Amino acid sequence: MLYDEKHEAMNRDDLEQLQFTRLQATLERAYGGVPFFRKKFDAAGLKPGDIKSLADLTKIPYMVKQEMRDNYPFGLFATPMDDVVRLHASSGTTGQVTVVGYTQNDIDNWADLIARCLTSYGATKHDMIQVAYGYGLFTGGLGLHYGAERLGGTVIPISGGNTRRQIQVMQDFKATVLCCTPSYALHMAEAAGEMGVDIRNLPLKIGVFGAEPWSESMRAQAEEKMGIDAYDIYGLSEVLGPGVACECEAKDGLHIFEDHFIPEIIDPESGEPLPDGTPGELVFTSLLKEATPVIRYRTRDITTLTHEPCACGRTHARMARVFGRSDDMLIIRGVNVFPSQIEDILVRIEGVEPHYQIIVDREGVMDVVNVQVEVSPEIFSDEIKNLEKLERKIAAAIREDLAIGAKVKLVEPKSIQRSEGKAKRVIDQRDLQK
Ligand code: DLL
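What you see as residue numbers is a count from 1 along each chain, following the sequence as written. At least 70 in pLDDT is required for a residue's local features to be given in this predicted model, at least 80 for side-chain atom pairs to be given and counted, and no such filter applies to totals for whole chains, interfaces and linings, which use all residues. Each side-chain value is worked out from all heavy atoms of the structure, with water and hydrogens disregarded.

For the rest of this paragraph, the subject is empty space enclosed by the protein. Grid points spaced at 1 Å and placed over the protein atoms alone form the basis of the search, with a cavity being a set where a 1.4 Å probe fits but cannot get out and a pocket an open set showing protein on both sides within 12 Å along at least five of seven lines. Lining residues have an atom within 4 Å of a point. Grid points are joined across faces, edges and corners, and a volume is the space filled by probe spheres set on the points. According to the stated counting rule, one finds three cavities of 30 Å³ or more in the structure shown. If you go around the largest cavity, the residues you meet are Met 68, Asn 71, Tyr 72, Pro 73, Leu 76, Phe 77, Thr 98, Val 99, Val 100, Thr 292, Pro 293 and Val 294. Along the lines of polarity and charge, the residues of the lining of the largest cavity split into nine nonpolar, three polar and no charged. Volume-wise, the second largest cavity comes out at about 70 Å³. For the second largest cavity, the full set of lining residues is Asp 106, Asn 109, Trp 110, Leu 113, Leu 240, His 260, Phe 261, Ser 286, Leu 287, Leu 288 and Lys 289. Here the term charged refers only to Asp, Glu, Lys and Arg, the term nonpolar to Ala, Val, Leu, Ile, Met, Phe, Trp, Tyr, Cys and Pro, and the term polar to all other amino acids, Gly among them.

Here the focus is the sheet that holds strand E12 (residues 297-303). Strand order in this open sheet of four strands is E10-E11-E12-E15, and the pairing throughout is antiparallel. The sheet terminates laterally at strand E10 (261-266) and strand E15 (324-325), the two strands that pair on one side only. Strand pairing is defined by DSSP finding a minimum of two bridges between the two strands. Put simply, DSSP marks the helices as runs of H or I at least four residues long and the strands as runs of E at least two long, and each gets a number from the N terminus on.

Turning next to the layout of surface pockets. There is about 230 Å³ of room inside the second largest pocket. As for the second largest pocket, its lining consists of Arg 12, Glu 16, Gln 19, Leu 54, Ala 55, Leu 57, Thr 58, Glu 258, Ile 262, Pro 263, Glu 264 and His 307. Mapped onto the lining of the second largest pocket, the elements with two or more residues apiece are helix H2 (12-33) and E10. Grouping the amino acids of the lining of the second largest pocket by side-chain chemistry returns five nonpolar, three polar and four charged.

Consecutive side chains along a regular strand alternate between the two faces of the sheet. With a 1.4 Å probe rolled over the protein chains alone, any residue whose accessible area is under 20% of its type maximum counts as buried; one over 50% counts as exposed, and the rest are partly exposed. Counting buried positions over the seven residues of strand E11 (residues 280-286) gives seven, a clear majority of the element. As paired elements, E10 and E11 share six bridges and run antiparallel to each other. Following the sheet pairing, Ile 265 is matched in E11 by Leu 282. Sheet topology note: the E11/E12 ladder contains four bridges and is antiparallel. For Val 283, the partnering residue across the bridge sits in E12 and is Arg 298.

For the rest of this paragraph, the subject is the pattern of salt bridges. When a carboxyl oxygen of Asp or Glu is within 4 Å of a side-chain nitrogen of Lys or Arg, the pair counts as a salt bridge. One pass over the full model with this rule turns up 29 salt bridges. Where Asp 232 meets Arg 321, a salt bridge forms, and the shortest distance between an N and an O atom there is 3.8 Å. You can see Asp 232 sitting in strand E7 (residues 229-236) and its partner Arg 321 sitting in the loop between strand E14 (318-319) and E15, a full 89 residues away along the chain. The buried category is assigned to Asp 232, whose relative accessible area is 7%. The exposure class of Arg 321 is buried, given its relative accessible area of 16%.

A word on the domain arrangement of the chain. In this entry, domain limits derive from an automatic or database-based domain assignment. You can read the domains of the chain as domain 1 (1-326) and domain 2 (330-428). The straight-line distance from the C-alpha centre of domain 1 to that of domain 2 is 32 Å. The term buried area refers to how much accessible surface (probe radius 1.4 Å) is lost by two components on association, counted for both of them together. For the pairing of domain 1 and domain 2, the buried interface totals around 1100 Å² over both sides, and the portion due to carbon and sulfur atoms is 53%. At the junction of domain 1 and domain 2, the tally comes to zero salt bridges. For the purposes of these results, a polar contact is taken to be a pair of N or O atoms within 3.5 Å, where, inside protein, one atom must be able to donate a hydrogen and its partner to accept one; residues adjacent in sequence count only when each atom of the pair is a side-chain atom. On the surface where domain 1 and domain 2 come into contact, there are zero residue pairs in polar contact (both at pLDDT 80 or more). Going through the elements one at a time, helix H8 (182-194) and helix H9 (216-226) are the ones with two or more residues in the side of domain 1 that touches domain 2.

Quick look at the structure:
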């Protein structure tokens, strides 16, 4: 089933024509309304009118997250604040936040795109949709919420957390669709088992999982343990929130809503465009967003694109599941964390050396973060109880600043391997490829 057959199954020529018309309007709006874009275009010697075809898009310089941070909070807004009806922010913590705005049209378009996703997973207005993504500045909860209402389903706006209550509500309200991160879904399945509830025997039939990398083996586990079909949903706050791309019944890549976004894949080192099938960094240009348009925004997500036809009838290009990042951002239980943020905390603590390693693993279904930190020889020869105290102090600082739990271990001076090039700060032992 297609929610918007006219746009989702458009033939390529018509789609490209539509993209170009919308691109021109976006460029005019950005150039006219946002000094940042005007400066950027002027510096490149470009005017919106110089973009005479979709191929000309490559003349425009890329946009990066740092530029969003530099313009915090509202510097990239293309509409007056009176027309902005909602704000969201990326899930990064202090210092890393980027703010995005939505006009009423933006909210309407977003709801339509989520309704498309839910339809492609087989949901209808008869469904009872439990939205267990976090509500708030994070786009997950409210994004899914409005889309589920647009579809006409019944929304349970439970937000994240309080797992026993999630299971109770799922059971009592007879939820048929569950929206949350894949790791939280697996955690729910475990918790249900402990409560003596077998989710397979409940009416739940569809999982709408995203916001973090996951794997085919996680899909298989979720489907088996919950008796559902689990589908991938992708998006990022800077570009929209959830609903930039979603899987269809074929579960063979995520259709990118190309009537709203132009995707590109580039070499993260050289910035050169790459052909279909070659892994690279995903770049998006928004075509309809009014409040915070993006032009050639580098997501840092690594994937491949394909324009091969899909069995479902949608003509939009597909991306493979995201299988890496071109920066070192980690997503720990849904919270975006940069190693540099951990480093900032360590350097504030006396006796700690700037040599550290972050080891991320998955125990059962939960992400576990171990931080190994070198200490000065004087500290290392101190009593065990003082070392333990210091470990607790660092862990508390990490929890307070970054909202993630980490196990901290102090290690001997010079025991962490030194690198000759870039330091390898992160060892990610979670196997997300399987
Ligand atoms: O995570 C939006 C979202 C909410 C998507 C709910 C899906 C469901 P941010 O907090 O800005 O927005 O984080 C965006 O999360 O650049 C990816 O690295 C990662 N990500 C999002 N969806 C997926 C996915 C939301 N399906 C960043 N698979 C993105 C892998 C994902 N990674």
